[in-house]
Each structure stands twice: as C-alpha cells, then as structure tokens.
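Examination of the molecular architecture
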Amino acid sequence: MKALDLKTVPINIVFIDLQLKNDMAKSIRMFLQNFIKRCWNLHQPLRLNNKLRINLGGMMVPRKIVLAFILIITPICVIHALNDMPLLAQLQGEHNMSYFGYSIMSLDFNHDGYDDLVVYSMAYGYQYQQSASRGKVYIYYGGPGFSSASEPAITLEGDYPEGEQRIISSIRSPGDINGDGFDDLIIGDRNPDIPGSVRYRFYFGGTSDLSSPDRIEYPLHG
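Overview of the structure. (Residues numbered from 1 in each chain as written. Predicted model: local features only at pLDDT ≥ 70, side-chain atom pairs only at ≥ 80, totals over all residues. Heavy atoms only, no water.)

**Digging into the overall build of the protein chain**
Of regular secondary structure, the protein chain possesses 2 helices and 13 strands. Considering the protein chain as a whole, with its 222 residues, one finds that 30% of them fall into the buried category. Taking all contacts inside the protein chain whose residues are at least 6 apart in sequence as the whole, residues at least 24 apart take part in 48%. Accessible surface computed for the protein chain: about 14300 Å², of which carbon and sulfur atoms make up 56%. (Helix = DSSP H or I, 4+ residues; strand = E, 2+ residues; numbered from the N terminus. Buried < 20%, exposed > 50% of the residue type's maximum accessible area, 1.4 Å probe, protein only. Contact = heavy atoms within 4.5 Å. Areas by Shrake-Rupley, 256 points an atom, 1.4 Å probe, with all protein chains shown as cover.)

Given below as structure tokens:
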C-alpha cells in the first residue's frame, strides 16, 4: 500500500472589519427596500392579460420576473459582502499529512493587547511505515507585523516513542485561571500504548518555554 501524497493544507487568516460588514449589509438592505418601494406597487396592481405586472421605466414587467430577480440577486450580494475579506496571512505545516490546523484558537498569551494564534498539528511527526504521530503546538504572537512570514514564537511537540512516550492530543483555552492578567493555555497529552493515560499540562500566560508546565492535572476516573 502506497502512502497518499497529500499537500499540507494552509491556514488562511483573513481580516474582518465588522463595522464594514455591517455597513455593507445595511446598504444592501436599503437598496432592496428602495427598489421594492419604487417598482412594487402593491396598492394599485395593473392587470394585463390576467397577469400582475409592474411599471419599470415605462416597461410593463411581470411581477414574477421581478420577484425572481430579487430572490436571485439578494443572496449573491450577501455572499459577496461576507466573502470580501482580505487575506492577512497564510500559514502552513511542516510536512505532508501533518494535520496542521486540526485545532485552532486565539488568546492573548503574552498580554500585549493583541490576540495570539495557537495551532495544533495533530499528526506532526507521522511518516508512513516509519514513525508515528506525536503532535505539535505552535504559538504565533499577534500584532501589526503578523503575516505569512511570521514564525511561531513558541512550539511544543510530543516525544513519542522516546522520552516520556507521550503524544500531544488537544489544546484548550481556559482564560486567565491564575488571575495575573495573562490568558493561559492547557495542552493535553497521552501515551497511546497505555489506556487512560491522558493528562493536562497548564501553562500560565507569559511563559516563553513550554517544556516545563506550571501545573499538571489528571482526569478523575470512576
């Protein structure tokens, strides 16, 4: 059996101006309302050949055609408005089939006022019939200079099958659990050869080294 030659799917980071989106939606709504008011004469319908028609610039158009036009153009305008988002950055995994971006979340880990990006690569380290997945976490600091060329400020990868023989299995954002003003991070790992070996490593925001967690918790069983 031959391994699939899959390209690593990039993560596209887009900029969304919520105020701009609201203004665009409002403009579309006002245009449609004015259009209906001007050409949709509900109070004085005209009947030609037993069909309701609308006077559009002196031309009598069946109302069904006008209604069909509105129903078609409205979703097109809305979709265009929602999809008109400029690309801010494009991030990519380190190798094929690494599942880079399996989980993504944002938090202000370094407390600089900008949201940071945490990316989980679930199958990092996997090589077909050579090595197993061990997982990896990337933390990209946000800010005005964030772009496709941005490098992760901090990384952590599993050590399976060496060392403690654990793979990274999840990421969580619990908020500021120790009350120091920094967003904190939880990384789950486990030994795939030992059932029930899941544990959670807590990292308080502001740290620059993920090799030593600030706290380790094990789930209660039974």
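**Details of the side chain of S121**
Within the secondary structure, S121 sits in strand 7 (residues 116-121). Residue classification places S121 among the buried positions, given a relative accessible area of 0%.

**Brief notes about the sheet that holds strand 13 (residues 215-217)**
Strands belonging to one sheet form pairs held by backbone hydrogen bonds; the direction of such a pair is parallel or antiparallel. Taken in spatial order, the 4 strands make up an open sheet running 10-11-12-13, and their pairing is antiparallel. Each edge of the open sheet carries a strand with a single partner, namely strand 10 (167-175) and strand 13. The mean inter-strand angle of the sheet, taken between neighbouring strand axes irrespective of direction, is 25°. Across 6 bridges, the pairing between strand 10 and strand 11 (residues 184-190) is antiparallel. By the bridge assignment for strand 11, I171 is matched with I187. (Pairing = 2+ DSSP bridges. Axes fitted to C-alpha atoms, helices over the stretch in contact; angles between N-to-C directions.)

**A word on the packing of aromatic side chains**
Summed over the entire model, instances satisfying the criterion amount to 4 aromatic pairs. Measuring from centroid to centroid gives 5.9 Å for Y102 and Y120, while their planes differ by 85°, and the two rings are edge-to-face. Pair noted here: Y102 is in strand 6 (residues 100-107) and Y120 is in strand 7, with a separation of 18 residues, a long-range link. Residue classification places Y120 among the buried residues on the basis of a relative accessible area of 2%. Look at Y138 and Y140: their rings are 6.5 Å apart centre to centre, the planes differ by 20°, and that puts the pair in the stacked class. (Phe/Tyr/Trp six-rings, centres within 6.5 Å; stacked < 30°, edge-to-face > 60°.)

**Observations regarding the environment of D116**
Mapped onto the secondary structure, D116 falls in strand 7. For the pair D116 and G142, spaced 26 residues apart in sequence, the C-alpha to C-alpha distance is 4.6 Å. If sequence neighbours within four positions are ignored, D116 has contacts with M105, S106, L107, D108, F109, N110, Y140, Y141 and G142. Within polar-contact distance, the side chain of D116 engages the backbone nitrogen of N110 at 3.3 Å. Of note is the side chain of D116, whose polar atom sits 2.8 Å from the backbone nitrogen of G142. (Polar contact = N/O pair within 3.5 Å; in protein donor to acceptor, adjacent residues only side chain to side chain.)

**Quick notes on the environment of N96**
Looking at where N96 falls in the secondary structure, it is placed in the loop between strand 5 (87-91) and strand 6. Spatially, the C-alpha atoms of N96 and G125 are 9.7 Å apart, while their sequence positions differ by 29 residues.

**Quick look at the nonpolar core**
V118 and I187 are the most contacted members of the largest nonpolar core, which has 15 residues in total. Within the residue set of this core, elements represented by two or more residues are strand 6, strand 7, strand 8 (136-140), strand 9 (154-157), strand 10 and strand 11. Those residues in contact with I187 that lie beyond four places of it in its chain are V137, L156, I168, S170, I171, R199, Y200, R201, Y203 and L210. Within the second largest apolar cluster, 10 residues are counted, among which are L91, F100, L117 and Y138. (Core = buried A, V, L, I, M, F, W, Y, C linked by side-chain atoms within 4.5 Å.)

**Remarks on the sheet that holds strand 8**
Overall, antiparallel pairing links the 4 strands, which are arranged 6-7-8-9 in an open sheet. Of all the strands in the sheet, the pair left with one neighbour each is strand 6 and strand 9. Neighbouring strand axes in the sheet, compared pairwise and without regard to direction, differ in orientation by 15° on average. Bridge count for strand 6 against strand 7 is 6 bridges, and the pairing is antiparallel.

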